[in-house]
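Here is how the chains run, residue by residue.
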Amino acid sequence: MKLSQVKKGQVVKIARIPNEQVRSQAIRFGIGEGSIVICEEIIPAGPVILRKNRQEIAVGRGLAEEITIQAVS
Amino acid sequence: MAHCHELGLKIDIPENGRKIVLAGNPNVGKSVFFNALTGLYVDVSNYPGTTLEISHGRYGKDAVIDTPGVYGISSFNDEERIARDVILAADVVVNVVDAVHLERDLFLTQQIIDTGVPVVMALNMVDEAARQGMEIDVKLLSELLGIPVVPTIAVQKEGLEELKKAIDRAKPGNISPELQSRLTRMATRVASQGEALLILEGDPVVAERHGLKPGPHREEIYLARRERVNYIVSKVIREISQGATFSTRLGRWMLRPVTGVPILAVTLYLMYKIIGVFVAGGVVGFTEETLMQGYYEPAIRGLVTKFMAEDSTLGQILIGEFGLLTMTVTYVLGLLLPLVVGFYLILSTLEDSGYLPRIAALVDRVLTAVGLNGRAVIPMILGFGCVTLATIVTRLLGSERERRIAIFLLALAIPCSAQLGVIAGMLAGLGAPYIALYVLVIFTVLVIVGTLLNYVLPGKSSDLLIDLPPLRLPRINNVLKKTGTKSFQFLQEATPIFALGALLISTLQVTGILEILQNLLAPLTVGWLNLPKESATAFIMGIVRRDFGAAGLTELSLDPMQTLVALITITLFVPCIAAMLVLFKERGKQEAPFIWIGSWIVAFLVGGTVAQLAKTYPNHAVTAVALSFTVLTVLTVLVIKNLKTRLALKANMAKEG
């Protein structure tokens, strides 16, 4: 599943971020591959807002379509 | 006295003096620490090879150097490269950390520690962390990191003295254990541990300096570091309460379109009230007319005419209509300075409160349609203040492609506040339908041109990936400090450009070329735009100063439709001469003329289309124009969308075989 298909309130695991630079930046922000995040908000057709503990990150729609996630029940 | 050679910056460091470097994430209050250490005497120098500025000063016999706010050091962008080089050259690093944002900030802290430099941490905003129900075990944090940690509340000056004392106790911290053996191996080839680390992390620039290949282990090292940081955070933070506070809820409302759009609309309305009405009307009226034109200009004219006649060539250049000592000074100090200060005051408030990244996220979708991302909202808003300023600020955008699009749109369709004042005055006399039509035409042009550029330009724009910091009340000190620095930097950068522009136009006037240009433009204005011949003067004036152009129109007797056509054309027409010169500086000799001529073509094309439509349907002019432009926009957007889908399909088919 892609990050763009996530639902609000869903807890997911970031499985794969294809772009190398984005991958490194994501690790710095604490949402790198393997981290468990919660989708706090989805702006319709726009960015997905992820939260991990107190850290909130806005991920643009185009990027969200490239990021693979796994649902964590 | 020794110079700081390895940085390429000219900083005087006394013998036995150390280089104290301030480092931290964006918006953690670094500047307050910088001021506390250096006092009033601060130097700002341009960092070689970039457009960024670095502040440095003295603390006792030590030099203090500031760095741009970054999330980590590497070669991802100019800010990071500078922070990297300054930190690598440091004797002591003062790492400023936002206590509320420990998870994010400690990544940089650990990376700095891994470079092996002595570090001391200022754990800032501990009051806010406490208010949010977090308890931080400072002693344990210090033990785990292996460096002194001083809790501070910088804006209230709490902890600053303790921090100054702690600088002498700064020491190399605990390096991530897995990293140690690798670093030791690399250290046989590279003298400094910091450079060895960056080579291991695959930094191409540092690797090249040593003639080595960048290491392939960046992600491994980053992940290990992230894990270590998460472990430390889990050990030192105790959450006392986790209830949703008002600011958390407000933060959400700002993001949801249903509530976020009205909040944004109110914010923009307030901005318009403050800048458009209070500053542009009241303050500028006083500074430009009363102060500069009332007192300054007569005084300087009196002084200069003692030495030369006003109508001599040099006299015209110095104190004539576009004089270096008259118009340039009045324009920069009387008109632009109040506007720029006003804009930066608001922008810094929005930035400091944490609202700006939320606006960027909210409008991201709209801006991706024209090949930009949410971050471009900052230069776009600034453009309504001064296009010159906004053009400089586009540097914060992620790619060349985005800068190209943003700068073209700024040059074309964003009227600056000086011009907006005159335009609003003239439109107000025409009534609501014409005002609506003006806004519609300019907006559709923005959408059509942006969509086309996004389609035509090769490459892909960068996607939004930003951190949404917790909302907080803006701190007055910070806002004022930021406004002061930014406004000053703008004046420093733009004044010579305005002077050069004035000089250029004076020369054209003295040599008579200006008049020839006016005559050349006549067929276009009369035949195509349906305006009187004299309107050509307004357009020529518009090249100098955008509001001059608009003001030149008030002297002509025009019917409502003619006024509208003239205003639309002058809005889309080339930006003022200072903005043009910045454009040349930022975009180079090959691209800038293209943008310049492009905006001529679009301006006359759109203005003429409106004029011709109005001529063809004299009884329903407003409706005809409104309808045509709406249809045109929808068509453009749909056709481009269709083309894109087809291209994507083709690419997919090619991929599959």
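Residues numbered from 1 in each chain as written. Chains lettered and ligands numbered in written order. Predicted model: local features only at pLDDT ≥ 70, side-chain atom pairs only at ≥ 80, totals over all residues.

Considerations on the overall build of chain A
Inference 1: When you go through chain A residue by residue, the secondary structure sums to 2 helices and 5 strands.
Inference 2: The C-alpha atoms of chain A give a radius of gyration of 11 Å, which matches the 11 Å a tight globule of 73 residues would have.
Inference 3: For the C-alpha atoms alone, the extent of chain A along its principal axes is close to 25 × 25 × 20 Å.
Inference 4: Relative to its 73 residues, chain A shows a buried fraction of 48%. (Helix = DSSP H or I, 4+ residues; strand = E, 2+ residues; numbered from the N terminus. Rg over C-alpha atoms; globule rule 2.2 N^0.38 Å. Buried ≥ 20, exposed ≤ 12 C-beta atoms within 10 Å, placed from the backbone.)

Some details on the overall build of chain B
Inference 1: For chain B, the count of helices and strands is 27 helices and 12 strands.
Inference 2: Its C-alpha atoms give chain B a radius of gyration of 28 Å, near enough to 26 Å, the size a compact globule of 657 residues would have.
Inference 3: If one aligns the C-alpha atoms of chain B with their principal axes, the spans along those axes are about 80 × 75 × 50 Å.
Inference 4: By residue count, 47% of the 657 residues in chain B fall in the buried class.
Inference 5: Considering only contacts within chain B whose residues lie at least 6 apart along the sequence, 71% involve residues at least 24 apart. (Contact = placed C-beta atoms within 7 Å.)

Focus: the sheet that holds strand β4 (residues 55-59) of chain A
Strand-to-strand pairing in sheets goes through backbone hydrogen bonds, with the strands running parallel or antiparallel.
Inference 1: Read from one edge to the other, the open sheet built from 6 strands follows the order β5(A)-β1(A)-β2(A)-β3(A)-β4(A)-β12(B), with strand pairing classed as antiparallel. Across the chains shown, the open sheet's two edge strands, defined by having one partner strand only, are β5 (68-71) of chain A together with β12 (465-467) of chain B. Taken pair by pair, the neighbouring strands of this sheet meet at an average axis angle of 40°, ignoring direction.
Inference 2: Sheet topology note: the strand β3 (residues 48-52) of chain A/β4(A) ladder contains 5 bridges and is antiparallel. Residue pairing across strands places Leu50(A) opposite Ile57(A), the latter belonging to β4(A). (Pairing = 2+ DSSP bridges. Axes fitted to C-alpha atoms, helices over the stretch in contact; angles between N-to-C directions.)

Let's talk about the interface of chain A and chain B
Inference 1: The interface is formed by 28 residues belonging to chain A together with 28 residues belonging to chain B.
Inference 2: In terms of residue count, the dominant contributor to the side of chain A that touches chain B is helix α1 (residues 20-29) of chain A (8 residues).
Inference 3: Of the residues that constitute the side of chain A that touches chain B, the class distribution is 12 nonpolar, 10 polar and 6 charged.
Inference 4: For β4(A) and β12(B), the ladder comprises 3 bridges, and the chain directions are antiparallel. Along β12(B), the bridge assignment pairs Ala58(A) with Ile466(B). (Nonpolar A, V, L, I, M, F, W, Y, C, P; charged D, E, K, R; others polar.)

Brief notes about the nonpolar core
Inference 1: Membership of the largest hydrophobic core comes to 158 residues, with the highest contact counts inside it found for Val59(A), Leu339(B), Val340(B), Ile568(B) and Val610(B).
Inference 2: Those residues in contact with Val340(B) that sit more than four places away from it in its chain are Gly385(B), Cys386(B), Leu389(B), Ser487(B) and Phe490(B).
Inference 3: Within the second largest apolar cluster, 59 residues are counted, among which are Ile112(B), Val120(B), Ala122(B) and Met134(B). (Core = buried A, V, L, I, M, F, W, Y, C linked by C-beta atoms within 7 Å.)

Remarks on unusual backbone geometry
Inference 1: For Asn53(A), which is not glycine, the phi torsion reads 50° and is therefore positive.
Inference 2: Looking at the secondary structure, you find Asn53(A) in the loop between β3 and β4.
Inference 3: If you check the backbone angles, Asn27(B) has positive phi at about 60° while not being a glycine.
Inference 4: Relative to the elements of secondary structure, Asn27(B) occurs in the loop between β3 (19-24) and α1 (30-38).

Here's the deal with the pairing of strand β6 (residues 62-65) of chain B
Residue and element names in this part refer to chain B.
Inference 1: Residues Asp62 and Val64 point to one face of β6 and Ala63 and Ile65 to the other, with burial holding for every one of them.
Inference 2: Where β3 lies against β6, 3 bridges are found, and the strand directions are parallel. In the sheet register, Val21 faces β6, and the bridge partner there is Ile65.
Inference 3: As paired strands, strand β5 (residues 53-59) and β6 are joined by 4 bridges and run antiparallel to one another. Within β6, the residue paired with Gly57 across the bridge is Val64.
Inference 4: Linking β5 back to β6 in an antiparallel pair, the connection comprises 2 residues, with Gly60 at a positive phi of about 60°.

Observations concerning the packing of helix α20 (residues 432-456) of chain B against helix α26 (residues 577-616) of chain B
All names here are of chain B.
Inference 1: Viewed as axis vectors pointing N to C, α20 and α26 meet at an angle of 135°, and their least axial separation amounts to 12 Å. Taken together, the axis directions place α20 and α26 in an arrangement best described as oblique. In this structure, α20 crosses over α26, and the sense of that crossing is right-handed. Packed against α20, whose contacting residues are Val441, Val445 and Val449, the element α26 presents Val602, Val606 and Val610 at the interface.
Inference 2: Within the contact of α20 with α26, the residues separate by chemical class into 6 nonpolar, no polar and no charged. (Parallel < 35°, antiparallel > 145°, perpendicular 65-115°, else oblique. Left-handed = near helix turned anticlockwise from the far one by under 90°.)

As for the confidence of the model for chain B
Residues and elements named next belong to chain B.
Inference 1: Per-residue confidence for chain B averages 86 on the pLDDT scale, and 96% of its residues sit at or above 70.
Inference 2: Across chain B, element-level confidence peaks in strand β10 (residues 149-151) with a mean pLDDT of 97 and bottoms out in strand β1 (residues 2-3) with 44.
Inference 3: Note that residues 1-5 has pLDDT below 50 and, in this model, 12 contacts with residues that lie over four places away or in other chains.
Inference 4: For this predicted complex, the interface confidence comes out at an ipTM of 0.95, alongside a pTM of 0.85. (pLDDT = per-residue confidence, 0-100.)

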